[in-house]
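Take a look at the letters that make up each chain.
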Amino acid sequence: MTWSLVLGLLQVADPQAPPVSTSVFVIATVIKMIIVFTVLMVGVALLTLAERKISAWIQDRHGPNRVGWHGLLQPAADGVKNIMKEETYPDAAYKPLFIMAPALAFIPAMLTFAVIPFASPLPTSKGLIEMVVAPLPIGFLYILAIASLGVYGIVLAGWSSNNKYSLLGGLRSSAQMVSYEISMGLSTVAVLLVAGNVALNDIIWQQATTVWNFFGLTVAFIIFLIAAFAETNRLPFDLPEAESELIAGYHMEYSAMKFSLFFIAEYSNMVTASALLVTLFFGGWDIPFTLWDNLAPWSIGKTLLTGLFFAVKVLFFLFFYMWIRWTLPRFRYDQLMSLGWRVLLPVALVYIVIIAGTLLILDLLGIRPGALYGLILGILNLVLAGVLFLILDSGRIISPASGRVEADQLRRLRAMRSRSPLAAPGGD
Amino acid sequence: MSRTYLPVLLLMGFVVFNAILMIGLSHLTMRSRPTPVKQSAYESGIPALGEARERFSVKFYMVAMLFIIFDIETVFLIPWGAYFRNLSCAVPLTNGLCPSGQVSMFGLVEMLVFMAILIVGLVYVWKKGALQWD
């Protein structure tokens, strides 16, 4: 029954179909644009606070708690401080690029969110309004195109500062982003294979009618997740700004608002990456186990509820980012490069072939997209993930540091620790 | 159709305006008190040694070149992925699905050939040690 509904929905979800006049379209776009921009900016401000609060919570301390109730006004205080602060221009810096670089990092970070649908369409008296800033038919390709522009701001900041550490940070960052972009692009090919379209609304619809891609394409999700962490320069991939090696990396010579712009760019990239993870693998604004939310008739309540679901999913991933930050130590640069090129790239390539072959076999067997279809993909992925982690990896990359020590040496180390007076009671 | 990309253009204008506004605002409100030490390159407090305009490791160029090759591969794979259902069906799709018994291997085999060529390249680069970062 599900598949016959596809065409019905697509006609509603089609960006050209709603008969809103151009003036309504422009006004609606401007309103959505300002709302999304404001939510992003305020969200980023609150995220900096959330990051510090969660860090404090994980490390068993208080975190910012002086400005406002439980430190809630801390981001505002930081913002005012950053605007008022003196900006330094190093004598050696190349001024035009030095001033332009923060803007170049900020602009793509703010643009990428535009195509992500964040709720079900809103019916108004003037016609159906899509809950996405720019309902582009190329959807996902736009994100790939714009997100990769972010590297320019970083590499130009590193170079124009004319500081050794900045330069190294910029170079590292560009090499890292460029390496993981390939795995990121390849992992999404599997999503496109299943969805059959690059428009994000179609990808959400496909997940609503079968299963979320998290279950149907688990390996692609893992690759995408790792690549998203690397693309946003977050721990454990924060080598561009590894404090102990490069002081602050590419934005070391920046101060005041220009430094803030890099910060805003990093956090809004995090938001976009989380939103993209949700859209591609967790059904976007879809409410699980029901098709009621994906079909007309649309209503304001539906829009609000789906928007809430979307927000909750995105917030979970934002929390996940911070959780990982205090869980995993930083990679070494050679480990980072070999993970990107020698593990994720071949795995993604082989995975595409396997998924394409499976889709063909399912077509041959006459199994139509639906619950069974999703179940078969899910089991296949579970097996593949098992093969990936247990056999291919076999305790080398995704393992504790003890995995790289010889067995008898490990036994000796453990014996030594148990004799030590510092040993924690109760063993591990 | 012409209005499809209008939102992107509007948003781009808005974001660029905001970026300039923020940098400009901060420029207007600050008090500049430059000193020679403040203007020098920051190297953890010790006097800066040498210049940053030096040669850097050739490996970064290598990564950039490899990136171009494999990114183009990705660019070719994305339309193939989106069109896979149509390619693997001998007759035009009905309702977005292939009528049973009409499955064709064309799409898969074509991509396997394309991918095989690139994997040979990847193996070559790997054996040459270009992916070895030490």
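Residues numbered from 1 in each chain as written. Chains lettered and ligands numbered in written order. Predicted model: local features only at pLDDT ≥ 70, side-chain atom pairs only at ≥ 80, totals over all residues.

Some points on the overall build of chain B
Part 1 of the argument: The helix and strand inventory of chain B stands at five helices and zero strands.
Part 2 of the argument: Helices (α) and strands (β) of chain B occur, in sequence order from the N terminus, as α-α-α-α-α.
Part 3 of the argument: Relative to its length of 134 residues, chain B is extended, with a C-alpha radius of gyration of 27 Å against a globular reference of 14 Å.
Part 4 of the argument: Each principal axis of the C-alpha atoms in chain B carries an extent, and together these give about 80 × 50 × 20 Å.
Part 5 of the argument: Buried positions account for 22% of the 134 residues belonging to chain B.
Part 6 of the argument: A sequence separation of at least 24 residues applies to 27% of the contacts in chain B between residues at least 6 apart. (Helix = DSSP H or I, 4+ residues; strand = E, 2+ residues; numbered from the N terminus. Rg over C-alpha atoms; globule rule 2.2 N^0.38 Å. Buried ≥ 20, exposed ≤ 12 C-beta atoms within 10 Å, placed from the backbone. Contact = placed C-beta atoms within 7 Å.)

A short note on the overall build of chain A
Part 1 of the argument: Each helix and strand in chain A was counted, giving 16 helices and two strands.
Part 2 of the argument: Split into buried and exposed, the 428 residues of chain A put 49% on the buried side.
Part 3 of the argument: Counted over contacts in chain A with a minimum sequence separation of 6, partners at least 24 positions apart contribute 78%.

Here we look at the interface of chain A and chain B
Part 1 of the argument: At the interface, 78 residues of chain A touch 61 residues of chain B.
Part 2 of the argument: Of all the elements in the fold, those that place two or more residues in the side of chain A that touches chain B are α1 (2-13), α2 (22-58), α3 (74-84), α4 (95-111), α7 (164-195), α12 (256-281) and α14 (333-365) of chain A.
Part 3 of the argument: In terms of residues, the side of chain A that touches chain B owes the most to one element, α14(A), which gives 16 residues.
Part 4 of the argument: Split by residue class, the side of chain A that touches chain B holds 53 nonpolar, 13 polar and twelve charged. (Nonpolar A, V, L, I, M, F, W, Y, C, P; charged D, E, K, R; others polar.)

Brief notes about the packing of α12(A) against helix α13 (residues 300-325) of chain A
Residue and element names in this part refer to chain A.
Part 1 of the argument: It is at 9 Å that the axes of α12 and α13 come closest, and there the two elements cross at 120°. Our classification of the angle between α12 and α13 gives oblique. Relative to α13, α12 is oriented so that their crossing is right-handed. Residue-level contacts link M270, V271, S274, A275, L277 and V278 of α12 to F310, K313, V314, F317, L318 and Y321 of α13.
Part 2 of the argument: For the contact of α12 with α13, the residue count by class is ten nonpolar, one polar and one charged. (Axes fitted to C-alpha atoms, helices over the stretch in contact; angles between N-to-C directions. Parallel < 35°, antiparallel > 145°, perpendicular 65-115°, else oblique. Left-handed = near helix turned anticlockwise from the far one by under 90°.)

Some thoughts on the packing of α7(A) against helix α8 (residues 200-209) of chain A
Residues and elements named next belong to chain A.
Part 1 of the argument: Here α7 crosses α8 at 70°, and the two axes come no closer than 9 Å. When the axes of α7 and α8 are compared, the pair comes out roughly perpendicular. Residues V191, V194 and A195 of α7 lie in contact with α8, whose contacting residues are D202, I203 and Q206.
Part 2 of the argument: Considered class by class, the residues forming the contact of α7 with α8 number four nonpolar, one polar and one charged.

Re helix α16 (residues 407-419) of chain A
Part 1 of the argument: Look at α16(A): 19 Å from first C-alpha to last across 13 residues, which is about the 18 Å you get at 1.5 Å a residue.
Part 2 of the argument: The buried fraction of α16(A) amounts to zero of the 13 residues, a small share that puts the element mostly on the outside. (Expected span 1.5 Å × (residues − 1).)

What about the confidence of the model for chain A?
Part 1 of the argument: Of all residues in chain A, 89% have pLDDT values of 70 or greater, and the mean over the chain is 81.
Part 2 of the argument: For the stretch residues 1-16 of chain A, pLDDT sits under 50, and the model shows 22 contacts to residues farther than four places along the chain or on other chains. (pLDDT = per-residue confidence, 0-100.)

Examining the confidence of the model for chain B
Part 1 of the argument: Here chain B shows a mean pLDDT of 82. Residues at 70 or above account for 96%.
Part 2 of the argument: Interface scoring of the predicted complex returns ipTM 0.88; its pTM is 0.86.

Description of the environment of B:T74
Part 1 of the argument: Tracing the sequence through the fold places B:T74 in helix α3 (residues 59-82).
Part 2 of the argument: Here B:T74 falls in the buried class, since 20 other C-beta atoms lie within 10 Å of it.
Part 3 of the argument: In this structure, the C-alpha to C-alpha distance between B:T74 and B:V63, residues eleven residues apart in sequence, is 16 Å.
Part 4 of the argument: With residues up to four places along the chain from it excluded, the contact list for B:T74 reads A:I182, A:G185 and A:L186.

A look at the nonpolar core
Part 1 of the argument: A:A105, A:A190, A:I223, A:F224, A:L277 and A:I352 are the most contacted members of the largest nonpolar core, which totals 145 residues.
Part 2 of the argument: Ranked by residue count, the leading element in this core is α7(A), at 18 residues. (Core = buried A, V, L, I, M, F, W, Y, C linked by C-beta atoms within 7 Å.)

Let's talk about unusual backbone geometry
Residue and element names in this part refer to chain A.
Part 1 of the argument: Phi is positive for D60, which is not a glycine, with a value near 60°.
Part 2 of the argument: At N233, a position not held by glycine, the phi torsion is positive, near 60°.
Part 3 of the argument: Mapped onto the secondary structure, N233 falls in the loop between α10 (218-231) and α11 (243-246).

Concerning the environment of B:N86
Residue and element names in this part refer to chain B.
Part 1 of the argument: Here N86 shows up in helix α4 (residues 84-87).
Part 2 of the argument: Note on N86: 14 C-beta atoms within 10 Å, which makes it partly exposed.
Part 3 of the argument: Each C-alpha atom of the pair N86 and V63 lies 35 Å from the other, and the pair is 23 residues apart in sequence.

Here's the deal with the environment of B:L25
Part 1 of the argument: Following the sequence through the fold, B:L25 ends up in helix α1 (residues 6-29).
Part 2 of the argument: A C-alpha to C-alpha distance of 55 Å links B:L25 and B:L112, two positions 87 residues apart in sequence.

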